[in-house]
Structures are given as C-alpha cells and as structure tokens.
Amino acid sequence: MEETCLLRLLFVTSLLSGCTHQASLNISPNRTQMFEGQFVSLRCEEDDSSDGWTVTRNTTRGTRRQCGADWGRKDGSSCNISFMRTVDSGVYWCESTGGAASSSITITVTGGAVILQSPVHPVMEGDDVTLTCTTQTSILSAGFYKDDSFIRTEPTGHMTIHHVSRSDEGFYKCNTISDGESPPSWITVTGKPTTAPPPSSAPPPASTPLFLVLLHLVVFCPYCISTVIMVSLYRRRSTGNYLPVSMEMAPPTQAEQGLADEFDDVMAAVTTEHHL
Ligand SMILES: *[C@@H]1O[C@H](CO)[C@@H](O)[C@H](O)[C@H]1NC(C)=O
Ligand SMILES: *[C@@H]1O[C@H](CO)[C@@H](O)[C@H](O)[C@H]1NC(C)=O
C-alpha cells in the first residue's frame with residue numbers, strides 16, 4: 001500500500017516535470033554586443049523538440065514580438081537577423097507554444113566602432129570571467145569600467161576577473177583612445193549549485209516548482225497516512241484478537257463481528273480508491 005502511494009507520487013511528479021520542458025537561447029556570434037549591419041543567428045536549444053520554441057523579443061519598437069512577425073527570418077526554432085540595427089537592441093528569449101519562456105539575453109547594437117565581449121549567460125560564482133574590448137577587426141588596448149568607475153587599463157584588450165562573486169555583478173564597458181567606447185553590458189553572477197552540474201553543455205534538467213511538490217504531498221499524503229494507519233490498526237486488531245488465551249477461544253461477539261465487517265468494507269473502499 002505504501003509502495004503504491006510512493007509510486008503514484010513519483011509518477012505524478014515525473015508527469016509534471018515532463019510538462020515543464022526547458023530551452024535555452026543560443027546566439028552566434030556568442031556575445032551580447034553587436035555592430036550595426038552585422039549578421040546574427042539565434043537558436044532555441046530544447047531538451048524535447050515536441051514543444052515548438054520560437055525566438056521572441058522586446059525592443060523599444062515593440063514588446064513580445066516573435067521572430068518572423070515583423071523582424072528576422074524564422075526557420076523552426078532558429079531565427080536570423082541579416083542586418084542588425086540599433087533599434088534591434090532589446091531582450092531576446094525563447095517562448096514555447098505552451099507559453100513557457102527560457103532565460104533571456106539582452107542584446108545591444110552599437111552604431112560605434114567598439115564593443116565589449118562579455119558572457120552571454122549568467123556566470124557561476126567562483127568562475128573566472130574574461131572581458132574583451134574589440135573593434136570589427138582587432139582587439140584594442142582599453143580601459144575597463146564597472147558601473148562607470150574605472151577599474152584598470154589592459155594593453156592586451158582582455159581583462160580577467162578571477163573568482164567572481166556577487167559583488168562583481170554590474171554594468172561593464174571599455175574605452176579606447178583611438179576608437180571610442182563600448183556600450184555597457186550587465187554581467188549576472190549566480191550562486192554555485194549544491195549538486196554537480198551535468199557534464200555536457202546541455203540545458204539544466206527541468207525542475208518541478210516547489211509548490212507543486214508541496215501540493216502533491218498535501219493531496220496524496222492524507223491517503224498514504226490514512227492507509228498506513230488503517231493497515232497498522234487492522235494488523236494490531238487481528239493479532240490483538242488472538243493474544244489473550246481466553247479471548248482466543250471465545251467466538252467474537254456480534255458487535256465485534258459487525259465492527260470488523262464494517263472495517264473490512266472501509267478497507268475495501270480505500271483499496272479500490274487507490275487502484276482507480
Ligand atoms: C517584455 O515586455 C512585456 C511588456 O512590457 C513585459 O511584460 C515582459 O516581462 C517583457 N519580457 C522580458 C523578457 O523582458
Ligand atoms: C540562419 O543561419 C544559420 C547559419 O548561417 C543557418 O544554418 C540557418 O539555416 C539560418 N536560418 C534561417 C532561418 O535562415
């Protein structure tokens with residue numbers, strides 16, 4: 001009986017987590033800042049292709065527009081923009097036909113000559129992060145800034161932040177003497193996961209929201225608990241009937257017999273309910 005309950009719980013949980021497929025937005029070139037006029041390819045990487053995912057964006061021109069509506073060239077879950085303009089700057093994400101959304105990427109298109117290359121997705125606490133200051137053709141000696149405060153000059157054009165922590169979150173940009181400065185880009189630092197991440201670059205497994213788990217417990221546990229209590233009561237009762245020698249020999253009284261029958265009926269009802 002307890003096993004049935006557990007199996008049922010597991011089954012429902014897996015059903016529900018199966019409904020929450022995940023996708024992540026991949027971008028090529030793999031950075032958040034783009035030059036005006038350049039080609040960009042976006043793709044929703046999904047863990048299950050049964051759900052249709054579409055690249056979607058919010059820009060100042062319009063909110064929540066799917067690729068192919070009035071921007072981009074759509075082919076399934078991929079979307080290409082052949083000529084980026086500054087008005088294409090905005091938040092991009094993947095949306096499923098069921099309304100689920102992936103995490104988003106903020107893309108900034110500059111009309112200037114300099115961009116900052118920074119991580120597209122949030123970085124993990126403790127990781128090293130390298131920022132690069134570049135034009136379309138070369139990497140430049142540059143000054144790096146966080147939240148408009150000067151950090152340092154890097155003659156190589158690369159600045160590495162070792163063992164990032166939450167306090168490293170902020171807007172970063174770079175400034176060159178010859179070609180001007182880049183737009184700012186936000187860097188997000190997330191806490192280390194308690195369990196080891198999967199070895200591949202696959203998107204994280206779908207997780208069941210905590211409230212759903214709690215809901216299962218609240219809905220199914222009364223069944224489990226009542227079943228366990230009834231079974232143990234029943235066992236104790238049947239063994240109890242035979243323990244005292246005098247009782248063992250005595251035939252059950254009518255009242256006792258009636259109670260036991262009633263109890264059997266209840267058990268049958270509970271069992272039926274469980275196997276529905
Ligand atoms: C897009 O814009 C809509 C409307 O302003 C807003 O509700 C939604 O949260 C935005 N989505 C993202 C990912 O920024
Ligand atoms: C977008 O570009 C990629 C890479 O160039 C290409 O493989 C893909 O077929 C293109 N998709 C569309 C919808 O044009």
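A brief report on the enclosed structure follows.

Here is what the cut-offs are and how they apply
Residues numbered from 1 in each chain as written. Chains lettered and ligands numbered in written order. Predicted model: local features only at pLDDT ≥ 70, side-chain atom pairs only at ≥ 80, totals over all residues. Heavy atoms only, no water. Pairing = 2+ DSSP bridges. Helix = DSSP H or I, 4+ residues; strand = E, 2+ residues; numbered from the N terminus. Near = heavy atom within 4 Å. Polar contact = N/O pair within 3.5 Å; in protein donor to acceptor, adjacent residues only side chain to side chain. Areas by Shrake-Rupley, 256 points an atom, 1.4 Å probe, with all protein chains shown as cover. Nonpolar A, V, L, I, M, F, W, Y, C, P; charged D, E, K, R; others polar. Disulfide = S-S within 2.5 Å. Buried < 20%, exposed > 50% of the residue type's maximum accessible area, 1.4 Å probe, protein only. Axes fitted to C-alpha atoms, helices over the stretch in contact; angles between N-to-C directions. Phe/Tyr/Trp six-rings, centres within 6.5 Å; stacked < 30°, edge-to-face > 60°. Lys NZ or Arg CZ within 6 Å of the ring centre and 35° of its normal.

**Here's the deal with the sheet that holds strand β9 (residues 105–110)**
Adjacent strands of a sheet pair through backbone hydrogen bonds, lying either parallel or antiparallel.
Part 1 of the reasoning: What the 5 strands build is an open sheet, ordered β2-β9-β8-β4-β5; its pairing is mixed. The sheet is open, and its two borders are formed by β2 (33–35) and β5 (65–66), each paired with just one other strand.
Part 2 of the reasoning: Alignment of strand β8 (residues 90–96) against β9, held across 3 bridges, turns out to be antiparallel. Its bridge partner being in β9, glycine 90 is matched across the sheet by isoleucine 107.

**Digging into the site of ligand 2**
Part 1 of the reasoning: Every residue close to ligand 2 is listed here: Phe39, Ser41, Arg73, Lys74, Asp75, Ser78 and Asn80.
Part 2 of the reasoning: With respect to ligand 2, the side chain of asparagine 80 contributes an N or O atom lying 2.4 Å from an oxygen atom.
Part 3 of the reasoning: Out of a free accessible area of 360 Å², ligand 2 has 54% covered by protein chains.
Part 4 of the reasoning: At the level of secondary structure, the elements contributing two or more residues to the shell around ligand 2 comprise β6 (73–75) and β7 (78–81).
Part 5 of the reasoning: Looking at the shell around ligand 2 element by element, the count peaks at 3 residues for β6.
Part 6 of the reasoning: Along the lines of polarity and charge, the residues of the shell around ligand 2 split into 1 nonpolar, 3 polar and 3 charged.

**With respect to the state of the cysteines**
Part 1 of the reasoning: Per the stated rule, a full pass over the model turns up 3 disulfides.
Part 2 of the reasoning: Each sulfur of the disulfide joining cysteine 44 and cysteine 94 lies 2.2 Å from the other. Measuring the twist about the S-S bond at about -105°, one finds the cysteine 44-cysteine 94 disulfide to be left-handed. One end of the pair, cysteine 44, is in strand β3 (residues 40–46); the other, cysteine 94, is in strand β8, with 50 residues separating them in the sequence. Here the two residues cysteine 44 and cysteine 94 agree in accessibility, since each one is buried.
Part 3 of the reasoning: A sulfur-sulfur separation of 2.0 Å characterises the disulfide bridge that pairs cysteine 133 with cysteine 174.

**Description of the sheet that holds β6**
Part 1 of the reasoning: Taken in spatial order, the 4 strands make up an open sheet running β1-β3-β7-β6, and their pairing is antiparallel. What marks the edges here is a single partner per strand, and that holds for β1 (23–28) and β6. Between one strand axis and the next, the sheet turns through 20° on average, direction left out of account.
Part 2 of the reasoning: As judged from the 3 bridges shared by β6 and β7, these two strands associate in the antiparallel manner. Bridging across to β7, lysine 74 finds its partner in cysteine 79.

**Remarks on the packing of aromatic side chains**
Between two aromatic rings, the relevant description is the distance of the centres plus the angle of the planes.
Part 1 of the reasoning: Per the stated rule, a full pass over the model turns up 3 aromatic pairs.
Part 2 of the reasoning: Where tryptophan 71 meets tyrosine 92, the ring centres are 5.6 Å apart and the plane angle is 90°; that geometry is what we call edge-to-face. With tryptophan 71 in the loop between β5 and β6 and tyrosine 92 in strand β8, this pair connects stretches of sequence that are 21 residues apart. As far as the burial class goes, tryptophan 71 and tyrosine 92 line up, both buried.
Part 3 of the reasoning: A ring pair is formed by phenylalanine 171 and tryptophan 186, whose centres lie 5.0 Å apart and whose planes are at 70°; its orientation type is edge-to-face. One end of the pair, phenylalanine 171, is in strand β16 (residues 170–176); the other, tryptophan 186, is in strand β18 (residues 185–187), with 15 residues separating them in the sequence.
Part 4 of the reasoning: The partly exposed category is assigned to phenylalanine 171, whose relative accessible area is 43%.
Part 5 of the reasoning: One cation-aromatic arrangement involves lysine 173 over tyrosine 145; the distance from NZ or CZ to the ring centre is 5.6 Å.

**Digging into the pairing of β16**
Put simply, side chains in a regular strand alternate between the two faces of the sheet.
Part 1 of the reasoning: Burial runs high along β16: 5 of the 7 residues are buried.
Part 2 of the reasoning: As paired strands, strand β13 (residues 142–146) and β16 are joined by 4 bridges and run antiparallel to one another. Considered in β16, the bridge of glycine 143 is made with asparagine 175.
Part 3 of the reasoning: Direction of pairing for β16 relative to β18: antiparallel, over a ladder of 3 bridges. Bridging from a neighbouring strand, tyrosine 172 pairs with serine 185 of β18.
Part 4 of the reasoning: Relative to strand β17 (residues 180–181), β16 runs antiparallel, the two being bridged by 2 bridges. By the bridge assignment for β17, asparagine 175 is matched with glutamate 181.
Part 5 of the reasoning: Between β16 and β17, which pair antiparallel one after the other, the connecting turn spans 3 residues.

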